[in-house]
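Residue strings, one per chain:
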Amino acid sequence: MLYDLTQTLNEDTPVYPGDPKVKIEPAGTIQKDSFCDHLLTMGTHNGTHMDAPEHMIDGGKGLKEYPVDRFVVPAVCIDVRNGFDAAKIAEEITDDGLGILFYTGASDYFTDEKYWHEYLVPDEATIKLLIDKKVPMVGVDTGSFDNEEDFPVHKALLGADILLIENLTNLAPLAGKKFELYALPIKLEQDGAPARVLAKTE
């Protein structure tokens, strides 16, 4: 079964405070031009998206430096609605190299202002665990991995060459399960890009 973990992109899509909003304008109509087309203006970190190290690390790798197979990994979704507990999380990371999705429940209020101010972030013990377990990719159903201005979580994980996914949705049915994770950023050679993220269960 396939699960779509991607937020819809349109002009109503909430964006991180200070980021450019999504703007969609007609660029061609069937009546006038014989085709329908649109001009899309948005930030590289709008909606469900992937962060590469270049996003926070001076001289870090951009998305163009990763082969496409880096975006498809076996993964597990871990329920952290009661907070990040490294000891409990370690029990669910049964193998090195697993992608990790953290289900916090924040996507339930994606369109509310509190989405950008009331959310859980990984603590130092969890960050160390993810690095030690050689996790290739981590995703969250929140708007950021950080709630501090200097972005310590981003910098620690991206500095360890762990790709990050933000603004996921539909994680509830995956909590506690393993699956194949397809997190495919559009082929944009930048510090980050919108991504279509899918989970395939047996």
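For the structure, check the block above.
Residues numbered from 1 in each chain as written. Predicted model: local features only at pLDDT ≥ 70, side-chain atom pairs only at ≥ 80, totals over all residues. Heavy atoms only, no water.

Undergrad: Report on helix H3 (residues 124–132), specifying residues and quantitative values.
TA: An α-helical segment advances 3.6 residues per turn. Residues three or four places apart therefore align on the same side. Listed in full, the buried residues belonging to H3 are Thr126, Ile127, Leu129 and Leu130. Each buried residue of H3 sits inside an arc of 160 degrees when the element is viewed along its axis, so together they form one side. Opposite the packed face of H3, turned more than 90 degrees from it, sit the exposed residues Glu124 and Lys128. Lining the buried residues of H3 we find helix H2 (86–92), strand E6 (99–103), strand E7 (137–140) and helix H4 (152–159). Positioned one or two residues after H3, lysine 134 has a phi angle of 55 degrees, which is positive. (Buried < 20%, exposed > 50% of the residue type's maximum accessible area, 1.4 Å probe, protein only. Helix = DSSP H or I, 4+ residues; strand = E, 2+ residues; numbered from the N terminus. Arc of directions from axis to C-beta. Contact = heavy atoms within 4.5 Å.)

Undergrad: Could you give me a rundown of the pattern of salt bridges, with the residues and numbers involved?
TA: Per the stated rule, a full pass over the model turns up seven salt bridges. In this structure, the salt-bridge partner of aspartate 79 is arginine 81, at a minimum N-O distance of 2.7 Å. A salt bridge links aspartate 132 to lysine 128, with the shortest nitrogen-to-oxygen separation between them at 2.7 Å. Here the residue aspartate 132 and the residue lysine 128 both occupy positions in helix H3, the gap between them amounting to four residues, near one helical turn. Under the relative-accessibility criterion, aspartate 132 is labelled partly exposed at 42%. Through salt bridges with shared partners, a single network forms among Lys61, Arg70 and Asp161. (Salt bridge = Lys/Arg side-chain N within 4 Å of Asp/Glu carboxyl O.)

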